[in-house]
Amino acid sequence: MVPLGYVVQTGVSPLAVAGTFGLLAAFLSLTAFLAARNVLGDVSVIKALGVGPFPAAVAVVSGALDLPSLPAIAVALLLDGAAIHYLYGESARLSAYITLIHVVVTILLGTVLFGLLILLGTFPG
């Protein structure tokens, strides 16, 4: 087994890690709000703020420790679904549906924003 010091990324400031976590949590909270609003109608933004940090934490930790992607995705989805189930108080089936919509909205919005970022990066001048 490889010692932890060899696996954790070096040369990254704690502020950069905190910023990455914060921005990812905010983005995932926004997409959780959009997903819940799409399924449930009028929902509180405050509840969505509690959903985003869980999958963001899994993403940051799995990236820092260089863990396998598929188990990390499974853990993030389970935590996402559990947070949605707990915060919105819906049935397990409806929470799973909201989680599915959350994944779809996150992929679509992330693709569009990343595409815009690449497009702006190639802008001449």
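Each remark here, short or long, concerns the structure printed above.
All of the points below concern the structure found in this document. (Residues numbered from 1 in each chain as written. Predicted model: local features only at pLDDT ≥ 70, side-chain atom pairs only at ≥ 80, totals over all residues. Heavy atoms only, no water.)

This part takes up the overall build of the protein chain. The number of helices and strands found in the protein chain is 6 helices and 0 strands. Along the protein chain, from the amino end to the carboxyl end, the secondary structure elements read α-α-α-α-α-α. Projecting the C-alpha coordinates of the protein chain onto the three principal axes gives extents of approximately 50 × 45 × 25 Å. Across the 125 residues that make up the protein chain, the buried fraction comes to 26%. Partitioning the intrachain contacts of the protein chain with sequence separation of at least 6 by distance along the chain shows that 70% fall at a separation of at least 24. (Helix = DSSP H or I, 4+ residues; strand = E, 2+ residues; numbered from the N terminus. Buried < 20%, exposed > 50% of the residue type's maximum accessible area, 1.4 Å probe, protein only. Contact = heavy atoms within 4.5 Å.)

Time to look at helix α2 (residues 14–40). Helix length check: α2, at 27 residues, gives a terminal C-alpha distance of 37 Å against a target of 39 Å (1.5 Å per residue), a fit within 8%. G41 occupies a position one or two residues after α2 and carries a positive phi of about 95°. (Expected span 1.5 Å × (residues − 1).)

For the rest of this paragraph, the subject is helix α6 (residues 92–121). Across its 30 residues, α6 extends 42 Å between first and last C-alpha, which sits within 8% of the 44 Å expected from 1.5 Å per residue. Every buried residue of α6 is accounted for by S95, I98, T99, I101, H102, V105 and T106. In this structure, the buried residues of α6 make contact with α2 and α5 (69–88).

Moving on, we get to the nonpolar core. Counting 10 residues, the largest nonpolar core is built from A32, F33, A36, V43, A48, V51, A83, I84, Y88 and I98. Counting only elements with at least two residues in this core, the list comes to α2 and α5. Aside from chain neighbours lying at most four places away, what touches A83 is G50, V51 and F54. (Core = buried A, V, L, I, M, F, W, Y, C linked by side-chain atoms within 4.5 Å.)

So, about the environment of L108. Here L108 shows up in helix α6. Between the C-alpha atoms of L108 and T31, which are 77 residues apart in sequence, the distance is 9.8 Å.

This part covers the environment of I98. Considering the arrangement of structural elements, one finds I98 in helix α6. Along the chain, I98 and G115 lie 17 residues apart, while their C-alpha atoms are 25 Å from each other. The residues contacting I98, other than those within four sequence positions of it, are A35, A36, V39, L40 and I84.

Before going further, it helps to examine the packing of α2 against helix α4 (residues 53–64). Following both chains from N to C, one finds α2 and α4 inclined at 140°, their axes separated by 8 Å at the closest point. Classified by the angle their axes make, α2 and α4 are oblique. Seen from above, α2 lies across α4 with right-handed handedness. Together, V17, T20, F21, L24, A25, L28 and S29 of α2 and P53, P55, A56, A57, A59 and V60 of α4 make up the contact between the two elements. (Axes fitted to C-alpha atoms, helices over the stretch in contact; angles between N-to-C directions. Parallel < 35°, antiparallel > 145°, perpendicular 65-115°, else oblique. Left-handed = near helix turned anticlockwise from the far one by under 90°.)

Note that every value here comes from positions in space, so none of it alone points to a role or purpose.
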